[in-house]
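Tertiary structure, described
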Amino acid sequence: ETANAPIFGINTAGQVTEWNRMVANITGYSKAEAVGKDLVSNFISEKYKDSVSKVLQEALDGQETANFEFPLFTKEFERKIQIL
């Protein structure tokens, strides 16, 4: 919770399990609002859902991806880019 970087976690089903203060500040969604929700379905726009799903599945399979631009969307539907 004290990290200065946005940190989120998902389980193997793609549901948010961790959502720190920084990612809450960036998106406007509190940890309580995010945890348990499907990350891609709820926080990624249609345009990026396939590519984000692919990268997340590869990560769950143990494959690293460097410098992937991860587009999160705020409550106001603003696009915020995070580097994964």
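All values reported here derive from a predicted model rather than from experimental measurement.

1. Focus: the nonpolar core
- Judged by nonpolar contacts, the single largest core of 18 residues is most densely connected at Trp19, Leu39, Phe43, Ile44, Val52 and Phe70.
- Of all the elements in the fold, those that place two or more residues in this core are strand S2 (16-19), helix H1 (21-27), helix H3 (39-43), helix H4 (46-60) and strand S3 (69-73).
- It is H4 that contributes the most residues to this core, four residues altogether.

2. Thoughts on H4
- If you check H4, its first and last C-alpha atoms are 21 Å apart, about what 15 residues at 1.5 Å a residue would give, namely 21 Å.
- Those residues of H4 that fall on the buried side of the exposure criterion are Tyr48, Lys49, Val52, Val55 and Leu56.
- After H4 finishes, the residue Gly62 shows a positive phi value of roughly 90°.

3. Some points on the pattern of salt bridges
- Applying the stated rule across the entire model yields four salt bridges.
- Close ionic contact of Glu33 with Lys75 constitutes a salt bridge, the shortest N to O distance being 2.8 Å. In this pair, Glu33 is assigned in helix H2 (residues 31-34) and Lys75 in the loop between S3 and strand S4 (79-83), connecting sequence segments 42 residues apart.
- Given a relative accessible area of 34%, Lys75 falls into the partly exposed group.

4. Here's the deal with the packing of aromatic side chains
- Scanning all chains against the criterion turns up two aromatic pairs.
- Summarising the aromatic geometry, the rings of Trp19 and Phe43 are spaced 4.9 Å apart at their centres and angled 40° between planes, so their arrangement reads as tilted. Taken together, the positions of Trp19 in strand S2 and Phe43 in helix H3 put the pair 24 residues apart, joining distant regions of the chain.
- You can call Trp19 buried: its relative accessible area is 0%.

5. Re the environment of Thr27
- Structurally, Thr27 is set in helix H1.
- The spatial distance from the C-alpha of Thr27 to the C-alpha of Thr74 is 4.0 Å, given a sequence separation of 47 residues.
- Those residues in contact with Thr27 that sit more than four places away from it in its chain are Trp19, Leu72, Phe73, Thr74 and Lys75.
- Among the polar contacts listed, one links the side chain of Thr27 to the backbone nitrogen of Tyr29, at a separation of 3.1 Å.

6. Comments concerning the pairing of S2
- Looking at chain direction, strand S1 (residues 8-10) and S2 are connected through three bridges and run antiparallel. If you follow Phe8 over to S2, its bridge partner there is Trp19.
- Between S1 and the antiparallel strand that follows it, S2, lie five residues; Gly14 among them carries a positive phi value of about 85°.

So, how was this worked out
Residues numbered from 1 in each chain as written. Predicted model: local features only at pLDDT ≥ 70, side-chain atom pairs only at ≥ 80, totals over all residues. Heavy atoms only, no water. Core = buried A, V, L, I, M, F, W, Y, C linked by side-chain atoms within 4.5 Å. Buried < 20%, exposed > 50% of the residue type's maximum accessible area, 1.4 Å probe, protein only. Helix = DSSP H or I, 4+ residues; strand = E, 2+ residues; numbered from the N terminus. Expected span 1.5 Å × (residues − 1). Salt bridge = Lys/Arg side-chain N within 4 Å of Asp/Glu carboxyl O. Phe/Tyr/Trp six-rings, centres within 6.5 Å; stacked < 30°, edge-to-face > 60°. Contact = heavy atoms within 4.5 Å. Polar contact = N/O pair within 3.5 Å; in protein donor to acceptor, adjacent residues only side chain to side chain. Pairing = 2+ DSSP bridges.

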